[in-house]
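Residue-level listing of the chains:
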Amino acid sequence: MPAKDGGYFSRLVKKLTSDVETLDADDLSEKSEAGGAQRACDCRCGDEVTVLGRLRSVELCPASEAATLQAELFDGTDEVTLVWLGRRRIPGIEPGRTIKARGRMADREGRKVLYNPYYELLQPT
């Protein structure tokens, strides 16, 4: 009797044969959709979006430039750069943290960007 696509056996084989990064990306993508957010790969420039994912990196601009905090959010499908202008630090915005961010999608040098997004820090699950 053949297993149905997406059945228990198929999921088990996928978990046993996939690499950790692929499994993590799939998990993030599922959490994003379950959290009511759009998939980052489907977001287009000019759209009002809500994305949910894990912060991969957080960096500050040098002191000689205008204060800017940037974070790279990954939701399992694509990356979105979050940029807070006029900020050098935001408590809770740190690598590995899961957040939900909302704002108008922009494009900077071919990358998806949200400037000064509204954000919600989520509890680890």
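Everything below is about the structure shown above.
Remember, predicted model here, so these are calculated numbers, not experimental data.

About the cut-offs
- Note on numbering: residues in each chain are counted from 1, in written sequence order.
- Reporting of local features is limited, given that this is a predicted model, to residues whose pLDDT is at least 70; pairs of side-chain atoms are given and counted only at 80 or more, and all residues count toward the totals for whole chains, interfaces and linings.
- Side-chain measures were taken over the full set of non-hydrogen atoms in the model, leaving aside hydrogen atoms and water.
- By definition, disulfides here are pairs of cysteine sulfur atoms that lie within 2.5 Å.
- Burial classes: relative accessible area under 20% of the type maximum marks a residue as buried, over 50% as exposed, and values in between as partly exposed (1.4 Å probe, protein chains only).
- Only runs of H or I of at least four residues qualify as helices and only runs of E of at least two qualify as strands under DSSP, and these elements are numbered from the N terminus.
- Think of it this way: DSSP has to see at least two bridges between two strands before they count as a pair.
- Should any heavy atoms of two residues lie within 4.5 Å, those residues are considered in contact.
- A side-chain nitrogen of Lys or Arg and a carboxyl oxygen of Asp or Glu constitute a salt bridge if their distance falls within 4 Å.
- Pairing of aromatic side chains requires ring centres within 6.5 Å, counting the rings of Phe and Tyr and the six-membered ring of Trp. Pairs whose planes differ by under 30 degrees are stacked, by over 60 edge-to-face, and all others tilted.
- Lysine NZ or arginine CZ positioned within 6 Å of the ring centre and within 35 degrees of the ring normal marks a charge as sitting over the ring.

Chemist: How would you summarise the state of the cysteines if you had to cite specific residues and measurements?
Modeler: If you walk through the whole model with that rule in mind, you get zero disulfides. For Cys 41, which is in no disulfide, the shortest distance to another cysteine sulfur is to Cys 43 and amounts to 7.9 Å.

Chemist: Could you give an account of the pairing of strand E2 (residues 68–74), with specific residues and numbers?
Modeler: Most of E2 sits out of view: seven of its seven residues are buried. Residues Thr 68, Gln 70, Glu 72 and Phe 74 line one face of E2 and the alternating positions Leu 69, Ala 71 and Leu 73 line the opposite face, and both faces are buried. Strand direction decides the pairing type here: strand E1 (residues 48–60) and E2, joined by six bridges, are antiparallel. Each residue of the ladder has a partner; that of Val 58, found in E2, is Ala 71. Across seven bridges, E2 lies against strand E3 (residues 79–85) in antiparallel orientation. Bridge assignment links Gln 70 to a residue of E3, and that residue is Val 83. Hairpin remark: E2 followed by E3, antiparallel, with four residues in the connecting loop; positive phi at Gly 76, about 100 degrees.

Chemist: Describe the side chain of Glu 72, naming the residues involved and giving the relevant values.
Modeler: Among the secondary structure elements, Glu 72 is positioned in strand E2. Residue contacts for Glu 72: discarding those within four places in its chain leaves Arg 54, Leu 55, Arg 56, Ser 57, Glu 79, Val 80 and Arg 111.

Chemist: Report on the pattern of salt bridges, specifying residues and quantitative values.
Modeler: If the charged atoms of two oppositely charged side chains come close together, the side chains can form a pair. Taken as a whole and judged by the stated rule, the model has seven salt bridges. When the shortest N-O distance is used, the salt bridge between Arg 104 and Glu 48 registers 3.4 Å. One end of the pair, Arg 104, is in strand E4 (residues 98–108); the other, Glu 48, is in strand E1, and 56 residues separate them in sequence. A relative accessible area of 42% places Glu 48 in the partly exposed class. What you see here is one network of salt bridges that share partners, running through Arg 56, Glu 72, Glu 79 and Arg 111.

Chemist: Lay out the packing of aromatic side chains in plain terms, naming residues and giving numbers.
Modeler: Tallied over the full model, the rule gives one aromatic pair. With 5.6 Å between their ring centres and 80 degrees between their planes, Trp 84 and Tyr 119 make a pair best called edge-to-face. Note that Trp 84 is positioned in strand E3 and Tyr 119 in strand E6 (residues 118–121), a separation of 35 residues in sequence. Residue class for Tyr 119 comes out partly exposed when judged on its relative accessible area of 33%. Positioned over the ring face of Phe 74 is Arg 56, at 3.8 Å from the centre of the ring.

The values reported here are purely geometric and, on their own, carry no functional implication.
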